[in-house]
Amino acid sequence: MTIENDIGLLERTLSALGRPAWEVTPEDIDRVIGGLAVAGRKASTRREYVQTFKAFHRFLQVRKAGEIEATFGVRLVCPVDEFNAARHVGDDSPQTLAPPTPERVAEFFEFLKDRIATARKYAPAARDYAMFRTLYHAGLRSEEASMLDVPDVHFKRGPFGKLHVRFGKAANTSGPRPRWVPMLDSLDLVLRWFLDDVRDRFPDSPVLFADESGGRLHRGTIRNRLRRLMQLEGRPPEEWFSPHALRRACATHNYERGVDLVAIQQLLGHWTVSSTMRYVRPSTTFIEDAYRRAVSTTLADLAGEEPAP
């Protein structure tokens, strides 16, 4: 796509944003795209608006960044982030955007846990903690988590218990593709606590992670809820991540721990291992860490000792 090929859509986008491209904020993008959604415009149309603006902003960064900074004192930073960009499109695709580290995820969950005791409303805060732990440990898409019902939690199925993801995403719009997902990393304990102590505080309905009326949380609500929680956490925007980034973190962190790629593929519900590989972004020290584990194991075998962790 070039600017010339889409000048009409670009003009409509800039008009809706209501300010020069170099002053546009993520909130402006959210407002315009949200307005298109309310007006009933298709997802493909909304995506065209976002991608057209991104292309123009990239052009400004390459050709006009120096002039804009000298004239207006503004350093160009694209306001399209992983929260308001379509998944699998453009610069925010899994191939290029690293997921949060295990340390970052652990810190966020610790913040959510601490917040339960101080939040004005206990039930939503506790639900958020359980829901985002589920997104990460089970590698679910936000829409898959929103469609979970209480009977989909099977604590006695398998050694860890399993979630029945009845509405898994299918390829080529062929309909839901259900799968069973084990509750790894003590997720079963989190969900037992949630069902025993939290779920009954919401209105009666089959929905597992219900809103305050007992209905299902929309995937957009889950995304916006996560964004708001990271704002409350006080982290800078460059340390924020999306629900989908938690899914990619699940893939990456399990791979770094030595889990087989085929197992991760089954966990995420991908059709092929190649799709799973797009989600895996090992850390910069992955090779060194793997080497240390291999050497430690070899030396321990030779000495008849247990390898170092």
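Shown above is the structure to which this text applies.
Residues numbered from 1 in each chain as written. Predicted model: local features only at pLDDT ≥ 70, side-chain atom pairs only at ≥ 80, totals over all residues. Heavy atoms only, no water.

Novice: So what exactly am I meant to see when it comes to the pairing of strand S2 (residues 162-165) here?
Specialist: Two faces belong to every sheet, and in a regular strand the side chains alternate between them. Side chains Leu163 and Val165 of S2 all project onto a buried face; the interleaved residues Lys162 and His164 project onto a face where none is buried. Where strand S1 (residues 153-154) and S2 come together, two bridges link them in antiparallel fashion. Opposite His154, over in S2, you have Lys162 as the bridge partner. (Buried < 20%, exposed > 50% of the residue type's maximum accessible area, 1.4 Å probe, protein only. Helix = DSSP H or I, 4+ residues; strand = E, 2+ residues; numbered from the N terminus. Pairing = 2+ DSSP bridges.)

Novice: Would you mind going over the packing of helix H6 (residues 122-138) against helix H9 (residues 219-233) with me for this structure?
Specialist: What describes two packed helices is the angle between their axes and the distance between those same axes. It is at 12 Å that the axes of H6 and H9 come closest, and there the two elements cross at 110°. Relative to H9, the element H6 is oriented roughly perpendicular. For the pair formed by H6 and H9, the contact residues are Arg127, Asp128, Met131, Phe132 and Leu135 on the first element and Ile222, Arg225, Leu226 and Leu229 on the second. A breakdown of the residues in the contact of H6 with H9 according to their chemical character gives six nonpolar, no polar and three charged. (Axes fitted to C-alpha atoms, helices over the stretch in contact; angles between N-to-C directions. Parallel < 35°, antiparallel > 145°, perpendicular 65-115°, else oblique. Contact = heavy atoms within 4.5 Å. Nonpolar A, V, L, I, M, F, W, Y, C, P; charged D, E, K, R; others polar.)

Novice: How should the pairing of strand S3 (residues 179-182) be read in this particular structure?
Specialist: Here S3 shows a clear split, with Arg179 and Val181 buried on one side and none of Trp180 and Pro182 buried on the other. When S2 meets S3, the two strands line up antiparallel, connected through four bridges. When the sheet's bridge partners are listed, Val165 is paired in S3 with Arg179.

Novice: What am I meant to see in the pattern of salt bridges here?
Specialist: When charged atoms on two side chains of opposite charge get close, those side chains can pair. Scanning the entire structure with this criterion turns up 19 salt bridges. Close ionic contact of Asp28 with Arg31 constitutes a salt bridge, the shortest N to O distance being 3.4 Å. Here the residue Asp28 and the residue Arg31 both occupy positions in helix H2 (residues 26-38), the gap between them amounting to three residues, near one helical turn. Exposure remark for Asp28: the relative accessible area of 6% places this residue in the buried category. Classification of Arg31 as partly exposed rests on a relative accessible area of 43%. The partner of Arg127 in a salt bridge is Asp128, and the shortest N-O contact between them spans 3.0 Å. (Salt bridge = Lys/Arg side-chain N within 4 Å of Asp/Glu carboxyl O.)

Novice: Whenever I open this one, the nonpolar core confuses me. Can you help?
Specialist: Across soluble globular proteins, you tend to see nonpolar side chains buried next to one another. Counting residues in each nonpolar core, the largest one holds 47 residues, and the members touching the most others are Phe108, Phe109, Leu112, Phe132, Leu140, Leu163 and Phe209. Elements with a contribution of two residues or more to this core: helix H5 (102-118), H6, S2, helix H8 (187-198), H9 and helix H10 (243-256). With ten residues, H6 is the single largest residue contributor to this core. Residues contacting Phe209, with those up to four places away along its chain left out, are Arg127, Ala130, Met131, Thr134, Ala145, Leu148, Leu191, Phe194, Gly215 and Leu217. Ranked by size, the runner-up nonpolar core spans 17 residues in total, among them Val24, Ile29, Val50 and Phe56. (Core = buried A, V, L, I, M, F, W, Y, C linked by side-chain atoms within 4.5 Å.)

Novice: How should I be thinking about unusual backbone geometry in this particular structure?
Specialist: In most cases, non-glycine residues show a negative phi, while peptide bonds are predominantly trans. Phi at Asp185 takes a positive value of approximately 55°, unusual for a residue other than glycine. Inspection of the secondary structure puts Asp185 in the loop between S3 and H8. Overall, the relative accessible area of 35% leaves Asp185 in the partly exposed class. At Ser186, a position not held by glycine, the phi torsion is positive, near 65°.

All quantities given are derived from atomic positions and should not be read as evidence of function.
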